2 protein chains.
Amino acid sequence: MARIAIDMDNVMADLTQHLLNVYEKEYSEVVDPESLNNIPEGSAFPEGVALKILSAPGFFRNIPVMAGSQEVVKALCEKHEVFVVSAAMEFPLSLAEKLAWLNEHFPFISWRNIVFCGSKTIVEADYMIDDHDKNLSSFKGTPLLFTAPHNLPLTEYKRVNNWEEVAEYFAVSNVETV
Amino acid sequence: MARIAIDMDNVMADLTQHLLNVYEKEYSEVVDPESLNNIPEGSAFPEGVALKILSAPGFFRNIPVMAGSQEVVKALCEKHEVFVVSAAMEFPLSLAEKLAWLNEHFPFISWRNIVFCGSKTIVEADYMIDDHDKNLSSFKGTPLLFTAPHNLPLTEYKRVNNWEEVAEYFAVSNVETV
């Protein structure tokens, strides 16, 4: 049994898609998803807009679930010790929203296995699935880079492009996702 | 420089005193502080009452600061890497309240150095200052038991009875607290 630390935003929760949806709805403008590739998160939007959208009440509560994440995380929980580790402190409103979101979409994850932090340097686990270099670079276990538009240039990590690949990596069943 | 993980309730925040105060105010009954000694937390109160008080909105926002904690934590922050690590997930309302409490009373602690979790087994640090056996027993670094009424029977840890003793242990100045 291994301990696996799993990030929320852009890994369990499709933050990028939600940001595009909210922007389109509130600003009546469409951002081409391709324009997000290879540049820092949020920088495809007018200055300050992504931060403003992320800081608004309800944003984190309403993010769609990443395709395949529920089934594969559930399968991982049956074989391994899974911790959800989210850098939530930067957005204080997100704390309660993220907890409610997890309770709704991942009810099989105990509150004992949820961590909201700022820096993830304090987390000790065997594996970390995350979309950010800043979280993976100081991790002492095995880092797995979950593909997101902003991290396409990174080449120094084992990459997982979706939850099917996570299931394959850990050799757990994901029959429900295919 | 060492990494020190510091608990909030009964270490930085005087939860026991606040529980006694709120109980006296809401139930018009006084509980003798001595009656809390050597028994599990909350069990000196009528069944379910301590849990009810802790679950009410505002409880964690209004806890008094533990004597000496601000000065000594500030001194520790100057020499060491300090993380506040609080088992907040059991009380969802406490998340935002604990963050606001820290911002008010410990504004020198960055959001990067705050961790709200369930189980503390995932925390990696050199020292952990905590009042609970369940948090210290699986810790791989050096555990320091901060004295609280419920933990008086424990003999297996290095004990610190107050923040002056923490300052002495880490050889940091605590001139402002004496």
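In this numbering scheme, every chain counts its residues from 1 along its sequence in written order. Here chains are named by letter from A upward and ligands by number from 1 upward, in the order in which they appear as written. Local features are withheld for residues below a pLDDT of 70 in this predicted model, meaning they are given only at 70 or higher, and side-chain atom pairs are given and counted only at 80 or more; totals for whole chains, interfaces and linings count all residues. Side-chain metrics rest on all non-hydrogen atoms present in the structure, leaving aside hydrogens and water.

Asks: Explanation requested: the packing of aromatic side chains in the structure shown.
Replies: To describe a pair of aromatic rings, you give the distance between the ring centres and the angle between the ring planes. Residues and elements named next belong to chain A. Only the six-membered ring of Trp is used, alongside the rings of Phe and Tyr, when aromatic pairs are assigned; centres must lie within 6.5 Å, and planes under 30 degrees apart are stacked while those over 60 apart are edge-to-face, with the rest tilted. Tallied over the entire structure, the rule returns 20 aromatic pairs over all chains. A centroid spacing of 5.1 Å and a plane angle of 75° characterise the contact between Tyr 23 and Phe 45, whose relative ring orientation is edge-to-face. Residue Tyr 23 is located in helix H1 (residues 15–27), and its partner Phe 45 is located in the loop between H1 and helix H2 (49–55); the two are separated by 22 residues in the primary sequence. With respect to burial, Tyr 23 and Phe 45 carry one shared label: buried. Cluster of aromatic residues (ring-pair linked, three or more members): Tyr 23, Tyr 27 and Phe 45. We count a stretch as a helix when DSSP gives it H or I for four or more residues in a row; a strand needs E for two or more, and each element gets its number in order from the N terminus. Each residue is placed in one exposure class: buried if its accessible area under a 1.4 Å probe, protein chains only, is under 20% of its type's maximum, exposed if it is over 50%, and partly exposed if it falls in between.

Asks: Please explain the environment of A:Thr142 as it appears in this structure.
Replies: All names here are of chain A. With respect to the secondary-structure elements, Thr 142 resides in strand S5 (residues 142–146). Residue class for Thr 142 comes out partly exposed when judged on its relative accessible area of 31%. Residues Thr 142 and Gly 68 lie 74 residues apart in sequence; the distance between their C-alpha atoms is 22 Å. With sequence-adjacent residues up to four places away left out, Thr 142 is seen in contact with Asp 126, Tyr 127, Met 128 and Tyr 169. Any two residues having at least one pair of non-hydrogen atoms within 4.5 Å are treated as being in contact.

Asks: What's the story with the interface of chain B and chain A in this structure? I'm lost.
Replies: By a frequent convention, interface size equals the accessible area lost on bringing the separate parts together. Taken together, the contacts link 23 residues of chain B with 23 residues of chain A. Buried area is calculated as the accessible area (1.4 Å probe) missing from two parts once they are joined, with the contributions of both summed. Of the roughly 2,200 Å² buried where chain B meets chain A, counting both sides, 68% is carbon and sulfur surface. For salt bridges, the criterion is a side-chain nitrogen of Lys or Arg within 4 Å of an Asp or Glu carboxyl oxygen. At the surface where chain B touches chain A, the tally comes to 2 salt bridges. Linking B:Lys140 and A:Glu124 is a salt bridge whose minimum nitrogen-to-oxygen distance equals 3.3 Å. Mapped by element, the contributors of at least two residues to the side of chain B that touches chain A are strand S2 (81–86), helix H4 (94–105) and strand S3 (114–117) of chain B. Across the side of chain B that touches chain A, the residue classes break down as 14 nonpolar, 3 polar and 6 charged. Ten residue types, Ala, Val, Leu, Ile, Met, Phe, Trp, Tyr, Cys and Pro, are classed as nonpolar, four, Asp, Glu, Lys and Arg, as charged, and the remainder, Gly among them, as polar.

Asks: How should the relation of the copies chain B and chain A be read in this particular structure?
Replies: Between the two copies of the chain lies a rotation about an axis combined with a shift along it. To superpose the copies, least squares is applied to the C-alpha atoms of every residue with a pLDDT of at least 70 in both. For the pair chain B and chain A, the best superposition has an RMSD of 0.0 Å and corresponds to a rotation of 180° with a translation of 0.0 Å parallel to the axis. Such a turn and shift between the copies fits a two-fold axis. Interface residue correspondence from chain B to chain A reaches 100%, placing this contact among same-surface, isologous pairings.

Asks: Looking at this structure, I do not really get the domain arrangement of chain A. What am I missing?
Replies: Residue and element names in this part refer to chain A. As far as domains go, chain A holds domain 1 (3–14 + 63–177) and domain 2 (15–61). Measuring from the centre of the C-alpha atoms in domain 1 to the corresponding centre in domain 2 gives 21 Å. Between domain 1 and domain 2, the residue contacts involve 19 residues of the former and 19 residues of the latter. Sorting the residues of domain 1 by area buried against domain 2 places Ile 63, Phe 91 and Glu 97 first, and these three jointly supply 33% of that buried surface. On inspection of domain 1 and its partner domain 2, the count reaches 1 salt bridge. Across the pair Arg 61 and Glu 104 runs a salt bridge, and its minimum N-O distance is 2.9 Å. N or O atoms within 3.5 Å of each other form a polar contact, as long as, within protein, one can give a hydrogen and the other can take it, and as long as residues adjacent in sequence are counted only when both atoms are side-chain atoms. Counting every contact that joins domain 1 to domain 2 gives 12 residue pairs in polar contact (both at pLDDT 80 or more). Residue composition of the side of domain 1 that touches domain 2, by class: 10 nonpolar, 4 polar and 5 charged. Per the annotation, domain bounds derive from an automatic or database assignment of domains.

Asks: Looking at this model, I keep getting lost on the environment of A:Lys120. Mind explaining?
Replies: Residues and elements named next belong to chain A. Among the secondary structure elements, Lys 120 is positioned in the loop between strand S3 (114–117) and strand S4 (127–130). Take Lys 120: its relative accessible area is 4%, and that puts it in the buried class. Taking the C-alpha atoms as reference points, Lys 120 and Pro 153, separated by 33 residues in sequence, lie 22 Å from one another. Here Lys 120 is in contact with Asp 7, Val 85, Ser 86, Ala 87, Met 128, Asp 130 and Asn 135, once residues within four sequence places are set aside. Among the polar contacts made by the side chain of Lys 120, one reaches the main-chain carbonyl oxygen of Val 85 at a distance of 2.9 Å. Polar side-chain contacts of Lys 120 include one of 2.7 Å to the side chain of Asp 130.

Asks: Explain the nonpolar core here, please?
Replies: Across soluble globular proteins, nonpolar side chains show a tendency to be buried alongside one another. Residues belong to one nonpolar core when they are buried, are Ala, Val, Leu, Ile, Met, Phe, Trp, Tyr or Cys, and are joined through side-chain atoms within 4.5 Å. In this structure, A:Phe116, A:Trp163, B:Phe116 and B:Trp163 are the most contacted members of the largest nonpolar core, which totals 96 residues. Core analysis: the next-biggest nonpolar cluster, separate from the first, contains 27 residues, A:Ala5, B:Phe83, B:Ala125 and B:Met128 among them.

Asks: Would you mind going over the sheet that holds S3(B) with me for this structure?
Replies: Within a sheet, neighbouring strands are paired by backbone hydrogen bonds and run either parallel or antiparallel to one another. Paired strands, as defined in this entry, are two strands with at least two bridges between them according to DSSP. The strand order across the open sheet formed by 12 strands is S6(A)-S5(A)-S4(A)-S1(A)-S2(A)-S3(A)-S3(B)-S2(B)-S1(B)-S4(B)-S5(B)-S6(B), and the pairing between neighbours is mixed. On the outer flanks of this sheet lie strand S6 (158–160) of chain A together with strand S6 (158–160) of chain B, each paired with one strand and no other. With strand direction ignored, the average angle separating the axes of adjacent strands in the sheet is 25°. In this analysis, axes come from line fits to C-alpha atoms, helices being fitted only over the stretch in contact, and the angle between any two N-to-C directions falls in the range 0 to 180 degrees. Against the sheet, helix H4 (residues 94–105) of chain A touches strand S2 (81–86) and S3 of chain A together with S3 of chain B, its axis set at about 160° to S3(A).

Asks: What's the story with unusual backbone geometry in this structure? I'm lost.
Replies: Trans peptide bonds make up the majority, and among non-glycine residues the majority have a negative phi. In the Ramachandran plot, A:Ser28 falls in the positive-phi region, its phi being about 50° despite a non-glycine side chain. Its location among the elements puts A:Ser28 in the loop between H1 and H2. With a phi angle near 70°, B:Asn38 is a residue other than glycine that sits in the positive phi range. Tracing the chain through its elements places B:Asn38 in the loop between helix H1 (15–27) and helix H2 (49–55).

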